[in-house]
2 protein chains.
Amino acid sequence: MTKERVVIAADHAGFDLKETLKQELQSMGAEVMDLGTNGPEAVDYPDFANALADVIGEGQITRGVLLCGSGIGASIAANRHRAVRAALCHDVESARMSRLHNDANVIVLGGRVTDASVAKACIRTFFSTEFEGGRHARRVAKMT
Amino acid sequence: MTKERVVIAADHAGFDLKETLKQELQSMGAEVMDLGTNGPEAVDYPDFANALADVIGEGQITRGVLLCGSGIGASIAANRHRAVRAALCHDVESARMSRLHNDANVIVLGGRVTDASVAKACIRTFFSTEFEGGRHARRVAKMT
């Protein structure tokens, strides 16, 4: 991928996977803005989802990676924000489809449910797959 | 579960699974409001997610089941609505966690990615698991 700025955030249950994926993004040539959390102490996942959504809403960074334990809470919170289309992914195929069909701009992964190796493959696919457009653009436009 | 009204909706890629889950909900004693789609013809998933969210927003029915091909588009669209906490689930454990920790009121399943037998087990778990409250209530309150 071309040099891209990517924002990443996680709660405590996603912290370890965030560290792994931050390195992976950097090895892919991305510049990473890390919003935390920065340790295993318990925090509230919506705080981190909202902070990531705010960065994307401001428009300087267009894509992100968001993590919590299951990915469910983070994906609910992030999709409250109109600038965000957050896709909870569990495998490379869902990461691919979320780009092809949904033009997702945030990939959500569960730190307690997805292995680091699978998660790394997911973000490589997510950041290298283009939106298909066409009939899918009409549908995406309805998610306002 | 006690007699409960449940709203269900799907796009064409979730239509077959919707029919299966509608029967399963009825066998669980639920009264089901079916918002369609009612056949395999292509439709736009946000239309059905938005219709389901509107029913829940009105407050007469508090919980729902929503389907598309991957579940990703439907979950993005549904979570745009503040009355909805839509959990994309792939297995019984995610369905359980979405109730315990996120107080999800809509379960989203992917008609092209989740077997009918797994989907049926997911909704049985979803509709029989209570929210844990406590620190999770504070986090849920932040998803406004």
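Analysis parameters
Residues numbered from 1 in each chain as written. Chains lettered and ligands numbered in written order. Predicted model: local features only at pLDDT ≥ 70, side-chain atom pairs only at ≥ 80, totals over all residues. Heavy atoms only, no water. Helix = DSSP H or I, 4+ residues; strand = E, 2+ residues; numbered from the N terminus. Rg over C-alpha atoms; globule rule 2.2 N^0.38 Å. Contact = heavy atoms within 4.5 Å. Areas by Shrake-Rupley, 256 points an atom, 1.4 Å probe, with all protein chains shown as cover. Lys, Arg positive; Asp, Glu negative; His and termini not counted. Charge placed at Lys NZ, Arg CZ, Asp CG, Glu CD. Expected span 1.5 Å × (residues − 1). Buried < 20%, exposed > 50% of the residue type's maximum accessible area, 1.4 Å probe, protein only. Pairing = 2+ DSSP bridges. Axes fitted to C-alpha atoms, helices over the stretch in contact; angles between N-to-C directions. Least-squares fit on C-alpha atoms with pLDDT ≥ 70 in both. Right-handed = clockwise from strand over helix to strand, strands pointing away. Phe/Tyr/Trp six-rings, centres within 6.5 Å; stacked < 30°, edge-to-face > 60°. Lys NZ or Arg CZ within 6 Å of the ring centre and 35° of its normal.

A. View of the overall build of chain A. Along chain A, the regular secondary structure elements total 6 helices and 5 strands. Here chain A has a C-alpha radius of gyration of 14 Å; the compact-globule value for 144 residues is 15 Å, and the two agree. Dimensions along the principal axes, computed over C-alpha positions, put chain A at roughly 45 × 30 × 30 Å. Sequence-distant contacts in chain A: of pairs separated by 6 or more residues, those separated by 24 or more amount to 70%. For chain A, the exposed surface amounts to about 5700 Å²; the carbon and sulfur share of it is 46%. Positive and negative charge centroids in chain A, built from 17 and 18 side chains respectively, lie 9 Å apart.

B. Molecular detail of helix α2 (residues 45–58) of chain B. Residues and elements named next belong to chain B. Its 14 residues give α2 an end-to-end C-alpha distance of 20 Å, which sits within 8% of 20 Å, the value for a rise of 1.5 Å per residue. Of the positions making up α2, those classed as buried are Y45, P46, F48, A49, L52, A53, V55 and I56. Residue G59 follows α2 closely and has a positive phi angle near 90 degrees.

C. Spatial organisation of the sheet that holds strand β1 (residues 5–10) of chain B. Residue and element names in this part refer to chain B. One open sheet holds the 5 strands; their spatial order is β2-β1-β3-β5-β4, and the pairing between them is parallel. The sheet is open, and its two edges are formed by β2 (31–34) and β4 (86–88), each paired on a single side. Put simply, the sheet's adjacent strands are angled 25 degrees from each other on average, direction ignored. With respect to the sheet, helix α3 (residues 72–79) is in contact with β3 (63–68), β4 and β5 (106–110), its orientation differing from that of β3 by roughly 140 degrees.

D. View of the relation of the copies chain A and chain B. Superposing chain A onto chain B takes a rotation of 180 degrees combined with a translation of 0.0 Å along the rotation axis, leaving an RMSD of 0.0 Å. Taken together, the rotation and translation relating the two chain copies correspond to the operation of a two-fold axis. By C-alpha distance to the rotation axis, the residue of chain A lying nearest is R80 of chain A, at 2.4 Å. With an isologous cut-off of 70% or more, the 100% of interface residues of chain A that recur at the interface of chain B puts this contact in the isologous class.

E. Molecular detail of the environment of E130 of chain B. Residue and element names in this part refer to chain B. By the element assignment, E130 lies in the loop between α5 (116–126) and α6 (135–141). E130 gets classed as exposed once you look at its relative accessible area, which sits at 61%. For the pair E130 and A78, spaced 52 residues apart in sequence, the C-alpha separation works out to 21 Å. Residues in contact with E130, not counting those within four places in the same chain, are R99 and L100.

F. The arrangement of the pairing of strand β2 (residues 31–34) of chain A in detail. All names here are of chain A. Judged from the 4 bridges that link them, strand β1 (residues 5–10) and β2 form a sheet pairing that is parallel. Each residue of the ladder has a partner; that of V7, found in β2, is M33. Handedness of the β1-helix α1 (residues 15–27)-β2 crossover: right-handed.

G. Inspection of the environment of N102 of chain A at higher detail. With respect to the helices and strands, the residue N102 of chain A is situated in the loop between α4 (92–100) and β5 (106–110). Once you skip the residues sitting within four places of it in the chain, N102 of chain A turns out to touch R85, M97, F131, V140 and M143 of chain A together with Y45, S70, I72, G73 and I76 of chain B.

H. Region of the structure containing unusual backbone geometry. Residues and elements named next belong to chain A. Here the bond from G36 into T37 is cis, since omega is 5 degrees, no more than 30 degrees from zero. Located in the positive-phi region is D103, a residue other than glycine, with phi close to 50 degrees. In this structure, D103 sits in the loop between α4 and β5.

I. View of the packing of aromatic side chains. Residues and elements named next belong to chain A. Going through the model one piece at a time under the given rule, you end up with 2 aromatic pairs over all chains. With a centroid separation of 5.2 Å and an interplanar angle of 80 degrees, the aromatic rings of F126 and F127 are classed as edge-to-face. Each member of the pair, F126 as well as F127, carries the same accessibility label: buried. Cation over ring: R99 sits above F126, and NZ or CZ is 5.9 Å from the ring centre.

J. Structural view of the sheet that holds strand β3 (residues 63–68) of chain A. Residues and elements named next belong to chain A. In space, the 5 strands of this open sheet follow the order β2-β1-β3-β5-β4, with parallel pairing throughout. Of all strands in the sheet, those bounded by a partner on one side alone are β2 and β4 (86–88). Averaged over all pairs of adjacent strands, the angle between their axes in this sheet comes to 25 degrees, without regard to strand direction. Inspection of the sheet shows β3 paired to β5 by 5 bridges, in the parallel sense.

By themselves, these are just geometric observations and shouldn't be taken as functional.
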